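# Structure at a glance
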Amino acid sequence: MSKKTADGLTPVNGSTTADDFSKVRLGWREWVALPELGIGLIKAKVDTGARTSCLHTFRTEPYTENGERRVKFWVHPTQNDLQEVIECDARVLDERSVSDSGGHKELRLVVETNLVVGDQSWPIEMTLTNRDSMRFRMLIGRTAMAGWATVFPEASYLAGQPVLRNES
């Protein structure tokens with residue numbers, strides 16, 4: 001006999017464990033924040049088929065500062081809104097060849113930042129690419145969710161709005 005959770009959802013394997021309840025519960029799309037980048041709210045598609053997370057950028061400017069590779073990049077955080085622009089800056093971790101859903105390979109810069117989902121926060125790696133033609137400005141891949149989240153593909157916005165904390 002399987003237990004139903006408070007919202008009526010049953011974990012994918014049909015049973016509940018303590019681990020199921022310690023992880024953030026995600027639907028197929030969620031509101032998230034990337035506070036280190038100045039992005040307080042962005043809609044993300046939760047994609048277990050994608051290995052790496054990615055963020056929409058319409059312009060990138062890689063540079064070197066004190067021997068460290070960095071990148072400035074600009075984001076339109078809201079789909080169909082080209083007026084809102086957030087300028088971001090991050091250390092470049094890597095450059096990787098990534099295949100998109102159509103099988104096209106692209107060399108992308110990889111950065112690390114904290115992802116805030118609901119009241120949880122953890123570091124993730126994500127690539128930067130132009131997602132103008134995509135419905136979501138951000139995609140959360142399975143590597144970013146591993147150990148942190150349980151996905152319920154039939155649901156949306158289970159985590160609620162991101163809770164941003166002031167670090168003192």
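Please refer to the structure higher up on the page.
Below is a summary of the structure that appears in this document. (Residues numbered from 1 in each chain as written. Predicted model: local features only at pLDDT ≥ 70, side-chain atom pairs only at ≥ 80, totals over all residues. Heavy atoms only, no water.)

### Considerations on the nonpolar core
If you look at the biggest cluster of nonpolar residues, it comprises 32 residues, and the most contacted ones within it are L37, I39, L55, F73, L115, M138 and I140. The contact partners of I39, leaving out residues within four places of it in the chain, are A33, L34, L55, V75, I86 and C88. (Core = buried A, V, L, I, M, F, W, Y, C linked by side-chain atoms within 4.5 Å. Buried < 20%, exposed > 50% of the residue type's maximum accessible area, 1.4 Å probe, protein only. Contact = heavy atoms within 4.5 Å.)

### Some points on the layout of surface pockets
The gaps left among the atoms become clear once a water-sized probe is rolled over them. A volume near 620 Å³ is recorded for the largest pocket. Surrounding the largest pocket, 28 residues form its lining, S99, D100, S101, R108 and L139 being those nearest its centre. Put simply, the parts of the chain that give the lining of the largest pocket at least two residues each are strand 3 (39-47), strand 4 (53-56), strand 7 (86-99), strand 8 (105-117) and strand 9 (120-129). In terms of residue count, the dominant contributor to the lining of the largest pocket is strand 7 (4 residues). Taken together, the residues of the lining of the largest pocket break down into 7 nonpolar, 11 polar and 10 charged. (1 Å grid on protein atoms, 1.4 Å probe; cavity = no way out; pocket = protein on both sides within 12 Å on 5 of 7 lines; lining within 4 Å. Points joined across faces, edges and corners; volume = space filled by probe spheres on them. Helix = DSSP H or I, 4+ residues; strand = E, 2+ residues; numbered from the N terminus. Nonpolar A, V, L, I, M, F, W, Y, C, P; charged D, E, K, R; others polar.)

### Considering the environment of E154
Turning to its location among the elements, E154 is positioned in the segment after strand 11 (149-151). When its relative accessible area of 54% is taken as the criterion, E154 is described as exposed. C-alpha separation for the pair E154 and L26, spaced 128 residues apart in sequence, amounts to 9.9 Å.

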